[in-house]
Amino acid sequence: MFEARLLNGSLWKKIIESIKDVVEDANWECSGSGISLQGMDSSHVALVSLHLKSDAFDPYRCDRNISLGLSSTNLSKILKCSSNDDSVIIRTSEASDNVSFIFESSNSEKVSQFDLKLMNIDSEHLGIPDMEYDSIVKMPSNEFQRICRDLSLLGESVQIACTKDGVQFTSSGSIGSGKISLRPNITAENLDDTVNIELNEAVLLTFALRYLNFFTKATSLAPRVILSFKTEHPLVVEYQIQDIGYLKFYLAPKIEDDDTKQTTTPD
Amino acid sequence: MFEARLLNGSLWKKIIESIKDVVEDANWECSGSGISLQGMDSSHVALVSLHLKSDAFDPYRCDRNISLGLSSTNLSKILKCSSNDDSVIIRTSEASDNVSFIFESSNSEKVSQFDLKLMNIDSEHLGIPDMEYDSIVKMPSNEFQRICRDLSLLGESVQIACTKDGVQFTSSGSIGSGKISLRPNITAENLDDTVNIELNEAVLLTFALRYLNFFTKATSLAPRVILSFKTEHPLVVEYQIQDIGYLKFYLAPKIEDDDTKQTTTPD
Amino acid sequence: MFEARLLNGSLWKKIIESIKDVVEDANWECSGSGISLQGMDSSHVALVSLHLKSDAFDPYRCDRNISLGLSSTNLSKILKCSSNDDSVIIRTSEASDNVSFIFESSNSEKVSQFDLKLMNIDSEHLGIPDMEYDSIVKMPSNEFQRICRDLSLLGESVQIACTKDGVQFTSSGSIGSGKISLRPNITAENLDDTVNIELNEAVLLTFALRYLNFFTKATSLAPRVILSFKTEHPLVVEYQIQDIGYLKFYLAPKIEDDDTKQTTTPD
């Protein structure tokens, strides 16, 4: 028996919309500690890692570890049938080849139950090593979304440079080039608007905007995004889900061709 | 000479948008008692019946019964040219092969006149017998719209069960199944939010969601919808248009195949 | 060296969106008096003329007259990357084959620089003679936009008649005909809502709605539009850009075929 009830059901909707462009089919791993998901996009360039703590749910009952293989597209369809103030119960049993999503309106007068068929999905769990990053940027999530979207008008990739003076996003293409510079500001009136840069070493890395634009679908989940950079290592784009979990995206940097001036080494 | 002026012209817009997906070409029957329309969809599965009382209009002048054959698509185009607070005059004469729609702004400084060509449309008026229904459900119109739209994500038809405990909407398809249950509540703070069930006999009937989704375009016309069920008879989906008329849709139930467990007989 | 900074950068966005459907590639002529643009649409039916005074900008520095050949589509892409409260600096030098657009957020913590490649565009500057018009109509710009859009549902051209009684817009097509009449009103509560008609001579002229609909993209630039009519001469559709400049569109009247009853002579 597995059962997990989330009072604020609209969070499920936002989570699924955040990951469905990256991972189509994924195993939702349910255990005593909570619900986790890890998955790569079809071209194996980006990785999603999600964790929701068991104490986010009330009740939370997980008699035995269970893996729920689900299509993100179908999950998204089902969750669109919930209202924003519905509570959401996920329920299944070890023997079942279905999982139920139950939406209850706040006045309990409308109850919707949707049963999805479980799928068998091959997946290997990648261990993601803890590491020291060269540079960590914390900034408003909607500002990061805006920058990625704007630079997509110019080119396919963005070069990100972190120095003590700030962070620079650069892109170029056939119509011209664009460079967006953010200065660290720690005195904004609203704490969510500050740009913080923790710098061990300056970095200069290039990433595919296509994936960053997928990741920023998670903007509605959190007011802040945390970008962790390390030369020759994947970028981590992290959204904290209130105090109940996190959603992290990993994206390997692009290696520039020899005949371009840009390199992935910091300047 | 026929002339009918409606002060609240935006009502015409809502009415046309409500019926145009079901009936493309229809005769608008004008008589001393008011304006009526009856029409079937092109596959002869659904029927629309509209009536607006003559005293909804001021002035209302109908010297002789007259039938105005009009394309709903063209009517919709014309009415989109009216502003929401315009009054709308419909005017024609027996001899004319045109009908005029005249929109007057509330300050009378803008007057728009659109003339549509009348069409000859073959139609037979169906007598709809009064009957005793097994079960009548009165519920918020937007809730019914939402349920029909949500279940369309799963399957093509919805099975509706009315019992003394409430009304259940069930649909299933390749990705899974959904069941939405409403309990009768007669104590909601807002009367428009109540769900009332008058039950002579329990019913279990199946309908094509495609048509129900067409019908619920009328949601903006009325806060409540009345669903009248009778085994082996068409469902009536009724919207009352303020106190000046009604819009009713009729839809025959689907007969399930022998190899399915569901039947159209109540359980 | 050329540099011009506009505090209210969103104005640039509106200007480009207003002209880009009419002129694709155009030379922006920068001189001591300000920035001007003139261009025809690809079928040489409509002309755009824009002028922004130098004192709209602060600073404004133009060492030598310079002509910036730019694609409206690319300009539009770049300007969409500015926020509404950004200031916009345009900067280039005589030797450069680039022009820079620099957007600064109001708190100066975000700076974006976009460099566009300059193009060589053949163009001849048309002298537009001053003339006495037969009739000048000043009206709310959104009302003019609405009328052009509404009549497009019926036909491809609109016949505009100005008389002492008002201005009439007429269109007809296969589904019927429409006629929208505005009476001059000089007593509206809000001055922007008045319709003023200066009449030297009545006019009756026909124009292609396709172009008028392009022109009315400028509606967001100004609450009022000024229409200047003269028989056998182009219509002028003028939007004043605050007190810093203007955007004018010119459109030649359609000459009706002999076999139609309508003519371009006033009745």
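Residues numbered from 1 in each chain as written. Chains lettered and ligands numbered in written order. Predicted model: local features only at pLDDT ≥ 70, side-chain atom pairs only at ≥ 80, totals over all residues. Heavy atoms only, no water.

### Some thoughts on the overall build of chain A
Tallying secondary structure elements over chain A gives four helices and 18 strands in all. Taken against the 2.2 N^0.38 rule, which gives 18 Å for 267 residues, the C-alpha radius of gyration of chain A at 20 Å falls within 12% of a compact globule. Taken over the C-alpha atoms alone, chain A extends approximately 60 × 45 × 35 Å along its principal axes. Counting only residues that meet the buried cut, chain A has 53% of its 267 residues in that class. (Helix = DSSP H or I, 4+ residues; strand = E, 2+ residues; numbered from the N terminus. Rg over C-alpha atoms; globule rule 2.2 N^0.38 Å. Buried < 20%, exposed > 50% of the residue type's maximum accessible area, 1.4 Å probe, protein only.)

### Digging into the relation of the copies chain C and chain B
With an RMSD of 0.0 Å, chain C superimposes on chain B once it is rotated by 120° and translated 0.1 Å along the axis. Here the copies are linked by what is in effect a three-fold axis. Relative to the rotation axis, the C-alpha of Ser220(C) is the closest in chain C, positioned 17 Å from it. (Least-squares fit on C-alpha atoms with pLDDT ≥ 70 in both.)

### A word on the sheet that holds strand β8 (residues 98–104) of chain A
Reading across from one edge, β5(A)-β1(A)-β7(A)-β8(A)-β9(A)-β13(B)-β12(B)-β11(B)-β15(B) is the order of the nine strands in this open sheet, with antiparallel pairing throughout. Two strands in the sheet have a free side with no partner beyond their single neighbour: β5 (60–62) of chain A together with β15 (203–208) of chain B. Each neighbouring strand pair of the sheet contributes to a mean axis angle of 15°, computed without reference to strand direction. Where β8(A) and strand β9 (residues 110–117) of chain A come together, seven bridges link them in antiparallel fashion. For Phe101(A), the partnering residue across the bridge sits in β9(A) and is Phe114(A). (Pairing = 2+ DSSP bridges. Axes fitted to C-alpha atoms, helices over the stretch in contact; angles between N-to-C directions.)

### With respect to the packing of aromatic side chains
Under the criterion given, the structure shown has 30 aromatic pairs over all chains. Ring plane angle 15° and centroid distance 4.5 Å describe the contact between Phe215(C) and Phe249(C), whose orientation is recorded as stacked. Placement of Phe215(C) in helix α4 (residues 209–215) and of Phe249(C) in strand β18 (residues 245–251) is noted, with a sequence separation of 34 residues between them. Summarising the burial analysis for this pair, Phe215(C) and Phe249(C) share the class buried. Ring-pair connections join several aromatic residues into one group, and the members of that group are Phe2(A), Trp12(A), Trp28(A), Phe57(A) and Tyr60(A). (Phe/Tyr/Trp six-rings, centres within 6.5 Å; stacked < 30°, edge-to-face > 60°.)

### Side note on the environment of Lys80(A)
Here Lys80(A) is to be found in the loop between α2 (72–79) and β7 (87–92). Counting along the chain gives 102 residues from Lys80(A) to Leu182(A), while the straight-line C-alpha distance between them is 36 Å. Residues contacting Lys80(A), with those up to four places away along its chain left out, are Lys13(A), Glu17(A), Arg146(B) and Asp150(B). (Contact = heavy atoms within 4.5 Å.)

### Overview of the interface of chain A and chain C
Taken together, the contact between chain A and chain C spans 19 residues of the former and 17 residues of the latter. Buried surface at the junction of chain A and chain C, both sides included, amounts to about 1500 Å², of which 47% is carbon and sulfur. If you sort the residues of chain A by the area they bury against chain C, Arg146(A), Leu153(A) and Ile175(A) come out on top, with a joint share of 34%. Counting across the interface, chain A meets chain C through one salt bridge. Listing elements by their share of the side of chain A that touches chain C, those giving two or more residues are α3 (141–152) and β13 (176–182) of chain A. When residues of the side of chain A that touches chain C are assigned to their parent elements, the largest contribution, seven residues, is made by β13(A). (Buried area = accessible area lost by both parts, 1.4 Å probe. Salt bridge = Lys/Arg side-chain N within 4 Å of Asp/Glu carboxyl O.)

### Quick notes on the UniProt feature "domain: Proliferating cell nuclear antigen PCNA N-terminal" (unreviewed entry) in chain A
In this structure's numbering, the residues bearing the UniProt feature "domain: Proliferating cell nuclear antigen PCNA N-terminal" (unreviewed entry) are residues 1–123 of chain A. Helix makes up 15% of residues 1–123 of chain A and strand 46%, with an end-to-end C-alpha separation of 23 Å. (UniProt positions renumbered as here; feature names shortened; annotations may be inferred.)

### Points about the sheet that holds strand β12 (residues 166–173) of chain A
On the basis of which strands lie adjacent, the open sheet formed by nine strands has the order β15(A)-β11(A)-β12(A)-β13(A)-β9(C)-β8(C)-β7(C)-β1(C)-β5(C) and antiparallel pairing. In this open sheet, the two strands that pair with only one neighbour each are β15 (203–208) of chain A together with β5 (60–62) of chain C. Mean inter-strand twist for the sheet, computed between neighbouring axes without regard to direction, equals 15°. The pairing of β12(A) with β13(A) spans seven bridges and is antiparallel. Bridging across to β13(A), Phe169(A) finds its partner in Ile180(A).

### Observations concerning the pattern of salt bridges
Tallying each qualifying case throughout the model produces 27 salt bridges over all chains. Where Lys20(A) meets Glu17(A), a salt bridge forms, and the shortest distance between an N and an O atom there is 3.6 Å. A salt bridge links Arg149(C) to Asp150(C); the shortest N-O distance between them is 3.8 Å. Take Asp150(C): its relative accessible area is 2%, and that puts it in the buried class. Residues participating in the shared-partner salt-bridge network are Arg146(A), Arg149(A) and Asp150(A).

### Regarding a nonpolar patch on the surface
On the surface, Met40(A), Leu126(A) and Ile128(A) cluster together into a nonpolar patch covering about 190 Å² of accessible area. By the element assignment, Ile128(A) lies in the loop between β9 and β10 (135–140). (Patch = residues over 30% accessible without salt bridge, like charges linked within 9 Å, V, L, I, M, F, W, Y side chains within 5 Å. Areas by Shrake-Rupley, 256 points an atom, 1.4 Å probe, with all protein chains shown as cover.)

### Quick notes on the packing of helix α1 (residues 10–19) of chain C against helix α2 (residues 72–79) of chain C
All names here are of chain C. Direction vectors running N to C along α1 and α2 enclose 150°, while the axes themselves pass 9 Å from each other. Relative to α2, α1 is oriented roughly antiparallel. Two packed elements cross with a definite hand, and for α1 against α2 that hand is left-handed. Residues Trp12, Lys13, Ile16 and Glu17 of α1 form the contact with α2, whose participating residues are Ser72, Leu75, Ser76 and Leu79. Looking at side-chain class alone, the contact of α1 with α2 contains four nonpolar, two polar and two charged residues. (Parallel < 35°, antiparallel > 145°, perpendicular 65-115°, else oblique. Left-handed = near helix turned anticlockwise from the far one by under 90°. Nonpolar A, V, L, I, M, F, W, Y, C, P; charged D, E, K, R; others polar.)

### As for the interface of chain C and chain B
Taken residue by residue, the interface counts 19 residues in chain C and 17 residues in chain B. Of all residues in chain C, the largest losses of buried area upon contact with chain B belong to Arg146(C), Leu153(C) and Ile175(C), amounting jointly to 34% of the total for that side. In this assembly, chain C and chain B are joined by one salt bridge. Applying the counting rule to chain C against chain B returns ten residue pairs in polar contact (both at pLDDT 80 or more). Listing elements by their share of the side of chain C that touches chain B, those giving two or more residues are α3 (141–152) and β13 (176–182) of chain C. Here the side of chain C that touches chain B takes seven residues from β13(C), the largest share from any one element. Residue classes in the side of chain C that touches chain B are distributed as seven nonpolar, seven polar and five charged. One ladder, built from seven bridges, connects strand β9 (residues 110–117) of chain B with β13(C); its direction is antiparallel. Residue pairing for β13(C): Gln113(B) is matched across the bridge by Lys179(C). (Polar contact = N/O pair within 3.5 Å; in protein donor to acceptor, adjacent residues only side chain to side chain.)

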